[in-house]
Every structure is written in C-alpha cells, then in structure tokens.
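# Observations on the model geometry
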Amino acid sequence: MALDILAMAPLYQAPAITRIGPKTDPSKRPADPLKPLVPSRTKLTTIEAKRIMSILDEAINKVELVTLLSYVASNREDVEGVLGEDIMRAVREHEDLCQEEAEEEGWLRDRLLSIELQKSSLSPLTQQIKDSTKNVLRLLLSNPQAARLLQMQTQSRSAEAQNFIDSLIELRGFLFEKLVTSPMEARDKAQFIQDINRQNSNNQQIIDTLENELAERMKKRNAEVEKENFVIQELKNHLHQVLKFSENSLLRTKQEAEKQQKADFRASQARVAKIQQEILQLQSQFYNLVMENREAEQALRKKKYKVETEIENWIQKYDTEMGEKQEELEDLEAVHKEEKIALEELKRRHKVLVEEFVQIREEREINSKKRMEAEQEMVRMVRAATLIQAFWKGYLVRSLLRSKKKRGKGKAKGKEKGKQKGKEKGKGKK
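Thresholds applied
Residues numbered from 1 in each chain as written. Predicted model: local features only at pLDDT ≥ 70, side-chain atom pairs only at ≥ 80, totals over all residues. Heavy atoms only, no water. UniProt positions renumbered as here; feature names shortened; annotations may be inferred. Axes fitted to C-alpha atoms, helices over the stretch in contact; angles between N-to-C directions. Helix = DSSP H or I, 4+ residues; strand = E, 2+ residues; numbered from the N terminus. Parallel < 35°, antiparallel > 145°, perpendicular 65-115°, else oblique. Left-handed = near helix turned anticlockwise from the far one by under 90°. Contact = heavy atoms within 4.5 Å. Patch = residues over 30% accessible without salt bridge, like charges linked within 9 Å, V, L, I, M, F, W, Y side chains within 5 Å. Areas by Shrake-Rupley, 256 points an atom, 1.4 Å probe, with all protein chains shown as cover. Salt bridge = Lys/Arg side-chain N within 4 Å of Asp/Glu carboxyl O. Buried < 20%, exposed > 50% of the residue type's maximum accessible area, 1.4 Å probe, protein only. Expected span 1.5 Å × (residues − 1). Arc of directions from axis to C-beta.

Per an unreviewed UniProt entry, the protein chain goes by the name Dynein regulatory complex protein 10 and belongs to Macaca fascicularis. Quoted verbatim from the Sequence similarities (unreviewed entry) heading of the UniProt record, the comment on the protein chain is "Belongs to the DRC10 family." Comment text from UniProt for the protein chain, heading Subunit (unreviewed entry), reads "Component of the nexin-dynein regulatory complex (N-DRC). Interacts with CFAP52."

## Topic: the packing of helix α2 (residues 47-66) against helix α7 (residues 144-151)
Relative orientation of the contacting elements α2 and α7 amounts to 70°, with a least axis distance of 9 Å. When the axis of α2 is compared with that of α7, the two are roughly perpendicular. Between α2 and α7 lies a crossing of left-handed hand. Seen from α2, the contacting residues are N61, E64 and L65; seen from α7, they are A147, L150 and Q151.

## Looking at a nonpolar patch on the surface
A surface patch of nonpolar side chains, amounting to about 310 Å² of accessible area, comprises F230, V231 and L235. Turning to its location among the elements, V231 is positioned in helix α9 (residues 183-405). Using a relative accessible area of 46% as the deciding quantity, one classes V231 as partly exposed.

## Brief notes about the environment of T42
With respect to the secondary-structure elements, T42 resides in the loop between α1 (2-7) and α2. For the pair T42 and F176, spaced 134 residues apart in sequence, the C-alpha to C-alpha distance is 9.2 Å.

## Here's the deal with helix α8 (residues 159-180)
The end-to-end C-alpha distance of α8 is 32 Å, a good match for the 32 Å that 22 residues give at a rise of 1.5 Å each. Where α8 is concerned, the buried positions are A161, Q162, I165, L168, I169, R172, G173, F176 and V180. One side of α8 carries all its buried residues, which in axial view fall inside an arc of 145°. Facing away from the buried side of α8, by more than 90 degrees, are the exposed residues E160 and K178. Considering only its buried residues, α8 is in contact with α2 and α9.

Here it is, written out as structure tokens:
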C-alpha cells in the first residue's frame, strides 16, 4: 500500500535538508514510570508477529529507497558509477513516466475536467509508474551495496517524504507494542486506565471544590477592592480640593507678581533713560579718544614700517653673512675631516714607532745589563789577577829570602826550585 502511494510521487520534488530518525527499538526504551502500561516482553515470540514486523520493516526500507529516487534523477553524474547502468536506466525510464504523468495531469486540470475523468485517463499511466517503481526497487534490492549508499543520502529527501517515513516508524512502534502485549497485560492496562480515570474524576471533584472556594475568595477580594476603591475616590476628592486651593493661592501669587513686575518695569525704564544718557556721553568720549588714537596709530604705523624695513634689511644681511659663514664652516669641516684622517694616520704611525721604540729600549737595556755584567766580571778578574800577582810576588820574595839562607845546601836543588818558580810564574801570568 505504501509503495502504491509513493509510486505516484514525482521525481522532481525539491530536496529538503532533513534527517530520518532511527527505528524505535522497544528493548532500548527508557524506563516508564507508568509500569502497568509497559509490556513485560521486549521481543516478539510468535512467527506471525515476526512476519508482520518484517513486512513493515521491508515496506519502510522500500519507502526510504523510493523517496530518494528524485535525488538519483537530479544527480545522475554523482551516483552513476555507484548504482550501475541497469539501475540508472530504470530510474531514467521512471523519471520519463513521472514527467509524462505530470504533463497530462496539468493538461486535464487546465481543461477543468472532473476528478473521475482525470483518474480514468491517468489509470494506465499510473499502473506503468507502479510497475516502474517495483522494477527500480527490485534492482536496488538485488544490489545491497548500492541500496546502502543511496540510503546514506537522507539529507536529499523531501520534507513530505520524511514526514511519511516518520509516521511509518511511529506506526511500527505502536504495532510492536501491540504485538508484545499479552491479553493479561491488556486487561491490566485497561484496569489501570480505569483506575486513572477514577482518580481523575476524584481529582476533578477536588478541583471543582477548590474552584468554588476560589470563587468565594474572589468575591471577598472584590468586596475589599470596592472598599479600597471608595477610599481611593475619597482621597481623589480631597486631592481635588487641595488642588483647587493651590490654584487660588497660585492666582493670588500671580497677581502680586504682576504688580511687582509693573513696578519693576517703571523703575527699569527710569534706569534705561539714565543709562542711555550715560551711553551718549561715553560715545562722545569714545569718538574723541578714537580721533586721538588714530593720529597716534598713524605715527606708530610709520614707525612700525621703518622698523620692519630695518628688520628686513638686517634679516637679509644676516642671511648673507650666515651663508658665507656656512660656506666657511663647510670648508673648515672638509679641512677638519682631512686633518682628522691625517691625524689618524699619524696616530697609527706613532703607535708603530712607540712599539718599535719600546722594543729598541728593551734591547738596549738588555745589552746594557750584559755589558755591565761583563765589565763587573772583568773587574773581578782583574782584581783576582792582581791578588794572584801580589801573592806570587810575596811568594817569590819569601823564596829568595829562604834561598839566601839556604844557599849552602846545593846548586842542584836551587835549580829545581828555579824551574818550579818559573812554571808558577808562567801560570800566574796566564
């Protein structure tokens, strides 16, 4: 039945961005506080019930596929590689039949034909569309992968189709609950509903009683409000009298103010006349002062012109002199830069000379120290030689003296001593 209804739907429906909700699973329902209304079983036990639910699930699956045929027809290039040539050929034939039906239906409607005549004229074409829809579904169901990919495009389904699918899913939930409910649970549910109705009637009686009490209290409150309104009216009357008294007082105050204003006006007129006379005197004085100041202004203007001329001459002279000074300063700066460069060169050379001088002075100090050490060594050697010579001379003298005393001992011994002395003398000279 659902497929017969959807078979007549045109394929050029505008897509609506909606999402299809998951099928209701009674086993995953949250705990209901109305426990007697919840079936004790969560699964179907009889084969007939399972067959009924499987038929309904299959119908929902087919409806989901049929409602997406408009998306396939409008996006052929995107889904042609996924669905295959056979499915795309069947979808194109189905689209042509739907468009032909829409054109004939519009043509008949334009001619104001009766609904029975329109149905009789469209019945063969309608049967063809139904057959075409069944053929497309057969091809899709024979290709599970293509069917799954097509069902993923839920956002492209129209709003009317989505509402229809949601209604079928809701019907599935009601049917599932009906099938899992046993006769005993149905009687308990009916008894529970009766108890609820009885309790509802008792509650309604209590509500009626409370409403009557509320009405009585509202009457009392209205009476109190009327009393308060009377008091408010009395206060308004009193306020009106106060306002009237204040208006009279305001009127008297206004009259007195007008009298005072007239007296002030007369006094102000006298003051205005006196002030005008003073203004005339001041204007004559002002005219005399203007004439005097005009002559002084002319003299000051001439003096100012002379001073400005002199200042301009001084400025020109100052500019000329400053230009010359600037040129001299630039020349001096150029000379200063050259001299600075020369000074840097001299400093560099001086630094090199200072380093050379320090090195030469160190070498001279080293040579001087060596020379002084050599001279000191020579002095020590001279002193040692002198000491040796003195010692030797003393020794010779003593030897001569001893030889004279011992001349008688023999000439041979004297010659040996002479040779020995000659050797020692030669060593001392060395």
